Amino acid sequence: MSSVSSGNGLLHLEDMEAGPSKDNDDLNNHLDPDADPSNPFDIAHTKNAPLETLQRWRQAALVLNASRRFRYTLDLRKEEEKEQRKRMIRAHAQVIRAALLFKLAGEKQIVPGTPVALPVAGGDYAIELEQLASMTRDHKLSALQQYDGVKGLSGLLRTNLELGINEDEADLLKRRNAFGSNTYPRKKGRSFWRFLWEAWQDLTLIILIIAAAVSLGLGIKTEGLEEGWYDGGSIFFAVFLVIVVTATSDYRQSLQFQNLSEEKRNIQIEVMRGGRTVKISIYDVVVGDVVPLKIGDQVPADGILITGHSLAIDESSMTGESKIVHKDQKEPFLMSGCKVADGVGTMLVTGVGINTEWGLLMASISEDTGEETPLQVRLNGVATFIGIVGLAVAVSVLAVLLARYFTGHTEDPNGNREFIKGQTTVEDAFNDVVKIFTIAVTIIVVAVPEGLPLAVTLTLAYSMRKMMADKALVRRLSACETMGSATTICSDKTGTLTLNEMTVVEAFVGKKKINPPADSSQLHPSVVSLLSEGVAQNSTGNVFVPKDGGDVEISGSPTEKAILSWAVKLGMKYDVIRSESTVLHVFPFNSEKKRGGVALQLSDSQVHIHWKGAAELVLASCSRYLDSNGCLQSIDEEKDYLKAAIDEMATSSLRCIALAYRLCEKEEIPTDEESFNRWVLPEDNLVLLAIVGIKDPCRPGVKDAVKICMDAGVKVRMVTGDNIQTAKAIALECGILSSAEDATEPTIIEGRVFRALSEKEREQVAKKITVMGRSSPNDKLLLVQALRKGGDVVAVTGDGTNDAPALHEADIGLSMGIQGTEVAKESSDIIILDDNFASVVKVIRWGRSVYANIQKFIQFQLTVNVAALVINVVAAVSSGDVPLNSVQLLWVNLIMDTLGALALATEPPTDNLMHKTPVGRREPLITNIMWRNLLIQALYQVTVLLALNFAGLSILHLKDDGNRAHAFEVKNTVIFNAFVMCQIFNEFNARKPEEINCFKGVTKNYLFMGIVGFTFILQIIIVEFLGKFTSTVRLDWELWLVSVGIGLVSWPLAMVGKLISVPKTPLAAYLTKPFERCRGSQNA
């Protein structure tokens, strides 16, 4: 029954393994009616996006350095290679393992922090590593039978199948030395030299290096080594500086991603050691460990089944086939890396690390962190558009400068023509042409914002690191960004909105309320005996009583722990009860049925079937009840009373659980094995033993967190499997429901009512739902689909295996780090490490911060782009010379690209972000506010600097300078210096595009202050001491004041500019209207 009942969830899991379904593509198309099919960069959903869509935007992007630009996007070829590698490992596991061992022994090339113990001969154990590895790997049942089954094998491995191994460090070390550790050698991450190599593969930088080499050769030839190397050498140095800073920034990012990948792999699992259930890292599992398995767990190592009930394993991660395999004594072998799809069991670990196929697979493939985000794709579109404009401008400048030069219209600072036909030597002409060409190429470097898409990665890497401190582990980059657009959160109740610290505070046995609930003196011994039997055996928890008389240790889920603690206080002797009866069959707790059962054979051969589950559902299956005196009574007359008691407890926000049992005649139990495995435990004519009310208090601060969400335009919905009354009470306590009057259908609805609606009705009702009680995982999935079709961007929290389809379907899936199963975590995008709703709110803040920081950087970068291009183009066309030369433009590019991104992309989130509505998916990247700020600053810079360019000699009183060439150099140095100052001061303006006070919180951002200070000091060094390289001259203090003053004006200008109101309709809409009309008329 259990395997059938959870089948609904498994079907979705199988589909999920197979990849993005056609239905999902159809849903995404339905969700995005505004998407422009002709625009390859218009992708609202990169989660589960088809490969053709991802391929299309890559081909459309204008890219100068593909290895750098696409470093953090999904490597489409690697995905297929990974599948081929899996198939190869399955076919040749033994050979690959031998080769790997040989390589490790020879090179010892292992990543620090994950030591891999090289296995040696068995030594202290009566079985050798090779015998054990080959038996498990090849699934040799005959070899297992030769060792007398799992019991005999446990003797050879010195393991107690019930208590596990001892927690003795010496014993654990012996096992690691004999059979290896559960780690595998990892492929080393890229070294810093690799990043240097990739950084210089930029097409424009390569052209500049060639131009610098030519310039260097010509300079040395014409002016000698002492003076002639400056022009070419300075370009070399500037390019080298760009490459080193770029590589350093990229390398630091990659280290952050590596650390996050390590966090994702370090799974915590439960093992039995010395009779106690302990949580350890998956890397600490050793051969001989006894591991309990339940639905949603990952199998941590290769092993053999000890006991199992309805145990089904999803082996698709290893076999490649989406097939669920049922495990029993005929099929006892378990493979590392697979997931428990259904049932419960315990396993004996027989193979770890590279002695498993999973270990070999992990050792041979490098983790691909690549994955694009919608913002990244859109920014590639922006970069491509700006790049095309920049390219056109650069080609125009090149053509104008060459035309002016060869027609004799270009003059040197002294007024002499640079090119005179028949007089200028070929060498001089060639040298001048190289300089002109270098300027054009440098304009491309500045114009093509290669760092724009990478700024997203930089922001995300920074945000992900900070989010770890806020208890959120990002598994999928795009989720971090999409969270800023979330319009609704469908949250679980237990453990997310509540503390998950459960205690039994009320108990009814028959009609009698036991007060205090654990007072056994008010109950007949026979009732206590049956309750203890049901609680001890119908549980996935464990009770450990230390021999030295210490405190009793109880493990399991919070609900299990609460009921076990209650039973222990009633006088339950856990170990005694479990030894007095044998478990015949188990129906694991199921979130669809909301109950779990067990069939027990007692020492007198009687068979008891115990059930435990949702109080009103179990009560509906009861025909009698046991009163506190141990007498059987008919339940018919008391059902209304008991229902009222359940409602009263639920209204007090208690979780209500009922315990019931029935006798089972031997004739009802199937005798043949096949029928017995398919046996459905009887769940009618039950005898009610008790109803308990479990208190799980609201988390402190959750009410404030919900209010923050509501103020930020994010609707919080509670979706819970609990009683509708319990859900309503908690929702009122948390502030999800504002008053009891709101608690009417459809605001508060039961799962069964919602699922009975038609698809159209669900879409209409979904918007109004605030609380859904008694919901199944499938109801959650239906709600997510209905909300997304209604245009919502949906975040969903989930912890169970059956939540996986909803987590997968949602725009952002949030799994729980403490209570979440491995299946739920793998289907999610972000893991909330402390299971706290307040952490979900922090994720929204960070998501909005990512978008806001990118916009700040775009505004800053485009201002530099526009100003630098216009100044150089106007100057080139009018005078045949440019005030900003190659080396200066490369320095400006460094400020704008790498340092600017680092300063603005790492701004921490502010409270102001949560006072705005969510960022719309189709909202333009460059808003009207940004256009206003950008154009004001660019216009100011262009006006002032062009005025200096054309009338600078008069304005700066340089006409009296006897040396005209020196006067020109001073003027150009002031233009360069003022331009850089404008960028430094404008960096402050970019921090707060909408607020007048751009200095708010600036002193708390040490990185920003550090970068601005570093840029300013370096500018002083460049102008005052590196004039030979940058073609600048030293400036006196008056001209420094002029430069700083020009930059300083940008602050009051920005403040005044922010008072100018802008229209709400995006500028892009006005620009694209004529094209849309044109396209519409063509279609018509």
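In this convention, every chain numbers its residues from 1, walking through the sequence in written order. Since the coordinates come from a predicted model, pLDDT governs what is reported: local features require at least 70, and pairs of side-chain atoms require 80 or more to be given and counted, while whole-chain, interface and lining totals use all residues. Excluding hydrogens and water, the side-chain figures rest on all heavy atoms present in the structure.

J.: Give me the overall build of the protein: which residues, what numbers.
T.: Along its length, the protein carries 41 helices and 26 strands. Residues count as neighbours in contact if any of their non-hydrogen atoms are within 4.5 Å of one another. Of the contacts formed within the protein by residues at least 6 apart in sequence, a portion of 73% connects residues at least 24 apart. For the protein, the exposed surface amounts to about 45100 Å²; the carbon and sulfur share of it is 56%. Only DSSP runs of H or I reaching four residues or more are called helices, and only runs of E reaching two or more are called strands; each is numbered from the N terminus. Note on areas: Shrake-Rupley with a 1.4 Å probe; residue coverage comes only from the protein chains shown.

J.: Could you give an account of a nonpolar patch on the surface, naming the residues involved and the relevant values?
T.: Think of a patch as exposed residues, more than 30% relative accessible area, with no salt bridge, where like charges cluster within 9 Å and nonpolar side chains (Val, Leu, Ile, Met, Phe, Trp, Tyr) cluster within 5 Å. By definition here, a salt bridge exists when the distance from a side-chain nitrogen of Lys or Arg to a carboxyl oxygen of Asp or Glu is within 4 Å. A grouping of Val866, Val870, Val874 and Phe950 is seen on the molecular surface, where their side chains present a nonpolar patch of about 280 Å² in accessible area. When you line up the elements, Val866 lands in helix H33 (residues 837-879).

J.: So, the UniProt feature "transmembrane region" (unreviewed entry) in the protein: which residues are in play, and what are the values?
T.: With numbering matched to this structure, UniProt assigns "transmembrane region" (unreviewed entry) to residues 195-220, 232-251, 382-406, 436-462, 857-877, 938-958, 1006-1027 and 1039-1060. For residues 857-877, helix accounts for 100% and strand for 0%, while the C-alpha atoms at its two ends are 30 Å apart. The annotated region residues 1039-1060 carries 82% helix and 0% strand content, and the separation between its end C-alpha atoms amounts to 32 Å. UniProt positions are given in the numbering used here, feature names are shortened, and annotations may be inferred rather than shown by experiment.

J.: Give me the sheet that holds strand S26 (residues 830-832): which residues, what numbers.
T.: Strands pair, by our definition, only if DSSP identifies at least two bridges between them. Read across the open sheet, the 8 strands follow the order S8-S26-S25-S24-S9-S21-S23-S22; overall the sheet is mixed. One side of each edge strand has no neighbouring strand; the edge strands of this open sheet are strand S8 (472-474) and strand S22 (748-750). Between one strand axis and the next, the sheet turns through 20° on average, direction left out of account. Of the strand pairs in this sheet, S22 and strand S23 (residues 771-773) are connected by 3 bridges, and their pairing is parallel. Looking across to S23, one finds that Ile748 is bridged to Val771. Working convention: axes come from line fits to C-alpha atoms, limited for helices to the stretch in contact. Angles between N-to-C directions cover 0 to 180 degrees.

J.: If you had to explain the packing of helix H11 (residues 192-199) against helix H13 (residues 230-265) to someone new, which residues and values would you point to?
T.: Axis separation between H11 and H13 bottoms out at 8 Å; the angle between their running directions is 130°. Regarding the angle of H11 to H13, the classification is oblique. Crossing of H11 over H13 shows right-handed handedness. On H13, the residues that touch Phe192, Phe195, Leu196 and Ala199 of H11 are Ile243, Val244, Thr246, Ala247, Thr248, Asp250, Tyr251 and Ser254. Angles below 35 degrees are treated as roughly parallel, those above 145 as roughly antiparallel, those between 65 and 115 as roughly perpendicular, and all remaining angles as oblique. Crossing handedness is defined as follows: a turn of the near helix away from the far one that is anticlockwise and smaller than a right angle gives a left-handed crossing, while the clockwise case is right-handed.

J.: Please give an account of the packing of aromatic side chains that cites residues and values.
T.: Centres within 6.5 Å make a pair out of two Phe, Tyr or Trp rings, where for Trp the six-membered ring is used; the pair is then stacked when the planes are under 30 degrees apart, edge-to-face when over 60, and tilted otherwise. Scanning all chains against the criterion turns up 14 aromatic pairs. Between Tyr462 and Trp846, the aromatic rings sit 6.1 Å apart at their centres with planes inclined by 70°, giving edge-to-face as the arrangement. Here the residue Tyr462 occupies a position in helix H18 (residues 451-469), and Trp846 occupies one in helix H33, the gap between them amounting to 384 residues. The two residues Tyr462 and Trp846 agree in class, both being buried. With 5.6 Å between their ring centres and 55° between their planes, Phe587 and Trp611 make a pair best called tilted. Taken together, the residues span a long stretch of sequence, with Phe587 in strand S14 (residues 581-590) and Trp611 in strand S16 (residues 607-614) at a distance of 24 residues. Taken as a pair, Phe587 and Trp611 share a single burial class, namely buried. These aromatic residues form a ring-pair network of at least three members: Phe985, Phe988, Phe999, Phe1008 and Trp1051. Charges are assigned to positions over rings by a cutoff of 6 Å between ring centre and Lys NZ or Arg CZ, combined with an angular limit of 35 degrees from the ring normal. Here the basic side chain of Arg158 rests over the ring of Tyr125, its NZ or CZ set 5.5 Å away from the ring centre. Only protein chains enter the area calculation, which uses a 1.4 Å probe; residues under 20% of their type maximum are buried, those over 50% are exposed, and those in between are partly exposed.

J.: Please give an account of the environment of Val794 that cites residues and values.
T.: Among the secondary structure elements, Val794 is positioned in strand S24 (residues 794-798). In this structure Val794 comes out as buried when scored by relative accessible area, which is 0%. Taking the C-alpha atoms as reference points, Val794 and Ala486, 308 residues apart in sequence, are found 5.8 Å from one another. Every residue in contact with Val794, bar those within four places of it in the chain, is listed here: Thr488, Cys490, Val784, Leu787, Arg788, Ala810, Asp811 and Ile812.

J.: Pulling in residues and values, what's your account of helix H9 (residues 149-156)?
T.: Of the residues making up H9, those classed as buried are Val150, Gly152, Leu153 and Ser154. Where H9 is buried, its residues contact helix H7 (129-137), helix H8 (141-146), strand S4 (302-314) and strand S7 (339-351). Arg158 lies just past H9 and shows a positive phi near 55°.

J.: Can you tell me about the pattern of salt bridges, naming the residues and giving the values?
T.: All told, the structure shown has 33 salt bridges when counted by the stated rule. A salt bridge links Arg788 to Asp811, with the nearest nitrogen and oxygen atoms 3.4 Å apart. Of this pair, Arg788 sits in helix H30 (residues 777-789) while Asp811 sits in the loop between helix H31 (804-809) and strand S25 (812-816), placing them 23 residues apart in sequence. Between Glu994 and Lys916 there is a salt bridge, with its nearest N and O atoms 3.5 Å apart. One end of the pair, Glu994, is in the loop between helix H36 (964-991) and helix H37 (1006-1025); the other, Lys916, is in the loop between helix H34 (886-904) and helix H35 (928-955), with 78 residues separating them in the sequence. Using a relative accessible area of 48% as the deciding quantity, one classes Glu994 as partly exposed.

J.: Can you tell me about the side chain of Arg655, naming the residues and giving the values?
T.: Tracing the backbone shows Arg655 in strand S19 (residues 654-664). Residue classification places Arg655 among the buried residues on the basis of a relative accessible area of 17%. Reaching out from Arg655, the side chain makes a polar contact with the side chain of Asp722 at a distance of 3.0 Å. The contacts of Arg655, once residues within four sequence positions are left out, are Thr494, Met502, Thr559, Val692, Gly693, Ile694, Asp722 and Thr726. Counting of polar contacts relies on pairs of N or O atoms within 3.5 Å, with two restrictions inside protein: one atom must be capable of donating a hydrogen and the other of accepting it, and residues adjacent in sequence are counted only when both atoms are side-chain atoms.

J.: How would you sum up the environment of Leu497? Please name residues and give values.
T.: Structurally, the position occupied by Leu497 is in the loop between strand S9 (488-491) and strand S10 (503-509). Taking C-alpha positions, Leu497 is 5.7 Å from Phe837, a pair spaced 340 residues apart along the chain. Those residues in contact with Leu497 that lie beyond four places of it in its chain are Ser491, Asp492, Cys698, Arg699, Val702, Met718, Cys734, Ile736 and Phe837.

J.: Run through unusual backbone geometry, naming residues and quoting values.
T.: Across the junction of Asn515 and Pro516, the peptide omega takes the value 0°, indicating a cis bond. Within the secondary structure layout, Pro516 lies in the loop between strand S11 (512-514) and helix H20 (525-537). Pro746 follows Glu745 through a cis peptide bond whose omega is 5°. Looking at the secondary structure, you find Pro746 in the loop between helix H27 (724-734) and S22. A positive phi angle, close to 55°, is found at Arg158, a residue other than glycine.

J.: Please set out the confidence of the model for the protein residue by residue, giving values where relevant.
T.: Here pLDDT means the predictor's own confidence in every residue, given as a number from 0 to 100. Across the protein, pLDDT averages 81, with 84% of residues at or above 70. Mean pLDDT across the secondary structure elements of the protein bottoms out at helix H2 (residues 7-18), with 33, and peaks at strand S20 (residues 686-695), with 95. Of the regions scoring below 50 in pLDDT, residues 1-31 engages in 54 contacts with residues more than four places distant in sequence or in other chains. Every residue in residues 108-122 is under pLDDT 50, and counting partners more than four places away or in other chains gives 41 contacts.

J.: Tell me about the nonpolar core, and please be specific about residues and values.
T.: Here, nonpolar core refers to any group of buried Ala, Val, Leu, Ile, Met, Phe, Trp, Tyr and Cys residues whose side-chain atoms link them within 4.5 Å. Formed by 157 residues in total, the largest nonpolar core has its most connected members in Ile736, Ile812, Ile830, Phe837, Ile858 and Phe979. Considering each element in turn, this core owes the most residues, 19 residues, to H33. The source of the domain bounds is an automatic or database domain assignment. Mapped onto the domain boundaries, this core takes at least three residues apiece from domain 2 (375-463 + 853-1072) and domain 3 (487-498 + 699-835). Sequence-distant contacts of Ile812, defined by excluding residues within four places in its chain, comprise Ala479, Thr482, Met483, Ala486, Val793, Val794, Ala795, Val796, Asp829 and Ile830. Counting residues in hydrophobic clusters, the runner-up holds 42 residues, among them Val150, Leu157, Phe333 and Cys338.

J.: A description of the state of the cysteines should follow, citing residues and the corresponding values.
T.: Covalently bonding the sulfur atom of one cysteine to the sulfur atom of another cysteine gives a disulfide. Whenever a pair of cysteine sulfur atoms sits within 2.5 Å, that pair is classed as a disulfide. In this structure the tally under the stated criterion is 0 disulfides. Not part of a disulfide, Cys734 finds its nearest cysteine sulfur in Cys698, a span of 3.1 Å.

J.: Now, about the pairing of S25: what can you tell me, with residues and values included?
T.: The element S25 is extensively covered by neighbouring structure, given that 5 of its 5 residues are classed as buried. Here 4 bridges tie S24 to S25, and the two strands are oriented parallel to one another. The residue bridging Val796 from the neighbouring strand is Gly813, located in S25. By convention a crossover is right-handed if, when the strands point away from the viewer, the path from the first strand over the helix to the second runs clockwise. Between the parallel pair S24 and S25, the chain is carried across by H31, and the sense of this crossover is right-handed. Note: S25 against S26, 3 bridges, orientation parallel. Each bridged residue has a counterpart across the sheet, and for Ser815 the counterpart in S26 is Ile831.

J.: So what about the packing of H13 against H34? Which residues, and what values?
T.: Two numbers describe how H13 lies on H34: the axes approach to 9 Å, and their chain directions differ by 10°. By the angle between their directions, the pair H13 and H34 is classed as roughly parallel. Touching Ser234, Ile235, Ala238, Val239, Leu241, Val242, Val245, Thr246 and Ser249 of H13 are Ser886, Val887, Leu890, Leu894 and Thr898, all from H34. Looking at the contact of H13 with H34 residue by residue, the classes come out as 9 nonpolar, 5 polar and no charged. Gly is put with the polar residues, along with every residue not named as nonpolar or charged; the nonpolar set is Ala, Val, Leu, Ile, Met, Phe, Trp, Tyr, Cys and Pro, and the charged set is Asp, Glu, Lys and Arg.

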